[in-house]
Amino acid sequence: MAPTMTRPSMTIAAQDGRAARPATPAPDNPLAMRGLTVSYGEKPAVFSVDATFPARSMSAIIGPNGAGKSTLLKAALGVIPRLSGDVLIFGTPIDQARDRIAYVPQRASVDWDFPTMVIDVVQMGLYRKVGLLGRLSGQMAAKARDCLDRVGMADFADRQIGQLSGGQQQRVFLARALAQDADLYLLDEPFAGVDAATERAIIDVLKLLKSEGKAVVCVHHDLSTVRDYFDHVFLINVRRIAEGPVETTFTAENLNATYGGRLAATHIDELAIAGSAS
């Protein structure tokens, strides 16, 4: 009897932003949202969104400016309030699973003038284990330095964070996330405003995390690198547009539905052609 072949699944949103083929989140889904709505005043920034991000993969959240990409991530984490919706981390309500999450915010949201050293920033990732008033053991302090080494910043441990370049600061925040030993890494625009060497260093670390069985979810803006960097893609424009494996979901049809007239038709076609040629 011939083996049954299964195709990668893709889900398209209904008009209200909910999944057209809703599914119950599996316990091994690192991050699942159901009916998530966020509003700034009377205008919804994210409306009734369903999303499921798979295990052991790298996922991108993409959409035009103002589409709600960062808002979706922050609302899932509880950084900003949500009007409605549920968030599950590995099948568990998020408030019971925060120790499994590491978050890297946008660089623009950080006060880089705060007088602290690089090594202190990374050690903040260890406070979950010892508490804010706890003392770090020598082993844990060594771990913080090892995390700096993993992102190529070991020589900057005793430098003030505000003295670093934008790319170096981003590497330090990634090192802090690594120190948390999380199962799910959430990053908000990790490649924005960084140099090519830093982008390569960051993506190498993220791919290593994936190889170790971790899940990575990034808000991402550079459509030209989606196919190279990610396995799974979630397209949003206030409402959910589509979600699934990059190879079946990152299509001209879905890009046009997400970006509308904000992307030139030729650019959309080039992205689609790149996918069909790979």
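Just so we're clear, the structure is a prediction, and the values are computed from it rather than from any experiment.

S.K.: Explain the nonpolar core to me, and be specific about the residues and the numbers.
M.R.: Nonpolar side chains tend toward joint burial in soluble globular proteins. Ranked by size, the top nonpolar core spans 54 residues in total, and within it Ile62, Leu148, Val172, Tyr185, Leu206, Leu223 and Phe250 carry the most contacts. Ranked by residues supplied to this core, first place goes to helix H5 (residues 166–179) with seven residues. Discounting residues that sit within four places of it in the chain, Phe250 has contacts with Ile62, Leu223, Val226, Arg227, Val233, Pro245, Leu255 and Leu271. The next biggest cluster of nonpolar side chains, apart from the first, holds 29 residues, and it includes Leu31, Leu36, Leu184 and Leu186.

S.K.: Please give an account of the sheet that holds strand S6 (residues 92–93) that cites residues and values.
M.R.: Strand pairing within a sheet occurs via backbone hydrogen bonds; the two strands may be parallel or antiparallel. A sheet is described by the order of its strands in space; here four strands give the open sequence S3-S2-S5-S6, paired in antiparallel fashion. Whereas interior strands pair on both sides, the edge strands pair on one side only; in this sheet they are strand S3 (43–53) and S6. Note: strand S5 (residues 84–89) against S6, two bridges, orientation antiparallel. Following the sheet pairing, Leu88 is matched in S6 by Pro93.

S.K.: Give a description of the layout of surface pockets that names residues and reports values.
M.R.: Its boundaries defined by the atoms lining it, the second largest pocket holds a volume of some 200 Å³. Of all elements in the fold, only strand S7 (101–104) and helix H3 (127–130) reach the threshold of two or more residues within the lining of the second largest pocket. Counting residues per element, the lining of the second largest pocket draws most heavily on S7, which supplies three residues.

S.K.: Any details on the pattern of salt bridges? Residues and values, ideally.
M.R.: Across all of its chains, the model carries eight salt bridges by this definition. Lys210 is the partner of Asp231 in a salt bridge, and the nearest nitrogen-oxygen pair spans 3.0 Å. Of this pair, Asp231 sits in the loop between helix H7 (226–229) and strand S10 (232–237) while Lys210 sits in helix H6 (residues 196–211), and the two are 21 residues apart along the sequence. Given a relative accessible area of 29%, Lys210 falls into the partly exposed group. A salt bridge links Glu243 to Arg240; the nearest nitrogen and oxygen atoms lie 3.0 Å apart. Linked through salt bridges whose partners overlap, the residues forming this network are Arg100, Asp183 and Lys214.

S.K.: Outline the packing of helix H4 (residues 138–150) against H5, listing residues and values.
M.R.: It is at 8 Å that the axes of H4 and H5 come closest, and there the two elements cross at 130°. One way to sum up the angle between H4 and H5 is to call them oblique. Note on packing geometry: the crossing formed by H4 with H5 is right-handed. Of the residues in H5, those in contact with Lys143, Cys147, Leu148 and Arg150 of H4 are Val172, Ala175, Leu178 and Ala179. Here the residues of the contact of H4 with H5 sort into six nonpolar, no polar and two charged.

S.K.: I'd love a proper account of unusual backbone geometry, names of residues and values included.
M.R.: Although it is not a glycine, Ser48 sits at a positive phi angle of roughly 50°. Looking at the element boundaries, Ser48 is found in strand S3. Taking the relative accessible area as the measure of exposure, Ser48 reaches 12% and is therefore buried. Within the chain, Glu189 stands out as a residue other than glycine whose phi angle is a positive 55°. Considering the arrangement of structural elements, one finds Glu189 in the loop between strand S8 (184–188) and H6.

Cut-offs used in this document
Residues numbered from 1 in each chain as written. Predicted model: local features only at pLDDT ≥ 70, side-chain atom pairs only at ≥ 80, totals over all residues. Heavy atoms only, no water. Core = buried A, V, L, I, M, F, W, Y, C linked by side-chain atoms within 4.5 Å. Buried < 20%, exposed > 50% of the residue type's maximum accessible area, 1.4 Å probe, protein only. Helix = DSSP H or I, 4+ residues; strand = E, 2+ residues; numbered from the N terminus. Contact = heavy atoms within 4.5 Å. Pairing = 2+ DSSP bridges. 1 Å grid on protein atoms, 1.4 Å probe; cavity = no way out; pocket = protein on both sides within 12 Å on 5 of 7 lines; lining within 4 Å. Points joined across faces, edges and corners; volume = space filled by probe spheres on them. Salt bridge = Lys/Arg side-chain N within 4 Å of Asp/Glu carboxyl O. Axes fitted to C-alpha atoms, helices over the stretch in contact; angles between N-to-C directions. Parallel < 35°, antiparallel > 145°, perpendicular 65-115°, else oblique. Left-handed = near helix turned anticlockwise from the far one by under 90°. Nonpolar A, V, L, I, M, F, W, Y, C, P; charged D, E, K, R; others polar.

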